[in-house]
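# Structural features, examined
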Amino acid sequence: QVRLVESGGGLVQAGASLRIFCAASGRTFSGHYIGWFRQAPGKDREFVAAIPWSGGATYYAESMKGRFTISRDNAKNTVDLQMNSLKPEDTAVYYCAAGSGGWRLYQPSGYNYWGQGTQVTVSS
């Protein structure tokens, strides 16, 4: 059974940093991409960043470049998202997902497996 479990969310002040984690289990994700998405209340789920499960090239939404960093931790078997200089508009539930990539890399429809999400709240 495939499991993606997010952790590390919380409440921080504007300007702070936060690192969230996605732990994957239940199958091999070789050849898959792990993506981070976020969804704020009343808004559509939006792409944040993605990385191949084996590591390597990284992909970001334009508005996240320079502030967010996605990485693969082989020792812990996680995909991490480091978020710096957080803003109140970054407040959302952050989800990790696994998919095959390709032209739908930036779309939720390109991902087959989803975690339950972790709440990130940035206060002003």
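Rules behind the numbers
- Residues numbered from 1 in each chain as written.
- Predicted model: local features only at pLDDT ≥ 70, side-chain atom pairs only at ≥ 80, totals over all residues.
- Heavy atoms only, no water.
- Helix = DSSP H or I, 4+ residues; strand = E, 2+ residues; numbered from the N terminus.
- Rg over C-alpha atoms; globule rule 2.2 N^0.38 Å.
- Buried < 20%, exposed > 50% of the residue type's maximum accessible area, 1.4 Å probe, protein only.
- Contact = heavy atoms within 4.5 Å.
- Areas by Shrake-Rupley, 256 points an atom, 1.4 Å probe, with all protein chains shown as cover.
- Lys, Arg positive; Asp, Glu negative; His and termini not counted.
- Charge placed at Lys NZ, Arg CZ, Asp CG, Glu CD.
- Disulfide = S-S within 2.5 Å.
- Core = buried A, V, L, I, M, F, W, Y, C linked by side-chain atoms within 4.5 Å.
- Pairing = 2+ DSSP bridges.
- Axes fitted to C-alpha atoms, helices over the stretch in contact; angles between N-to-C directions.

## As for the overall build of the protein
- A count of helical and extended segments in the protein gives zero helices and eleven strands.
- Going from N to C terminus, the protein has its helices and strands arranged as β-β-β-β-β-β-β-β-β-β-β.
- Taking 14 Å as the expected radius of gyration for a compact globule of 124 residues, we find that the protein reaches 13 Å, a close match to that expectation.
- The proportion of buried residues among the 124 residues of the protein is 43%.
- Considering only residue pairs separated by 6 or more positions, the protein has 57% of its internal contacts joining residues 24 or more positions apart.
- Taken as a whole, the protein presents about 6200 Å² of accessible surface, with 46% of it coming from carbon and sulfur.
- Here the protein contributes 12 positive and 8 negative side-chain charges, whose respective centroids are spaced 5 Å apart.

## Considerations on the state of the cysteines
- By the definition in use, this model includes one disulfide.
- Between the sulfur atoms of C22 and its disulfide partner C96 the distance amounts to 2.1 Å. Disulfide C22-C96: torsion about the S-S bond near 65°, hence right-handed. In this pair, C22 sits in strand β3 (residues 18–25) while C96 sits in strand β9 (residues 92–99), placing the two residues 74 residues apart along the sequence. Here C22 matches C96 in class, with each residue buried.

## Focus on the nonpolar core
- One finds W36, L81, M83 and Y94 to be the most contacted residues of the largest nonpolar core, which totals 36 residues.
- Breaking this core down by element, the ones donating at least two residues are β3, β4 (33–39), β5 (46–52), β7 (68–73), β8 (78–83), β9 and β11 (118–123).
- Each residue touching L81, except ones within four places of it in the same chain, is listed here: L18, R19, I20, W36, V48, A49, F68, T69, I70 and Y94.

## Side note on the sheet that holds β3
- The strand order across the open sheet formed by four strands is β1-β3-β8-β7, and the pairing between neighbours is antiparallel. Edge positions in the sheet fall to β1 (3–7) and β7, since each of these pairs with one other strand and no more. The mean inter-strand angle of the sheet, taken between neighbouring strand axes irrespective of direction, is 20°.

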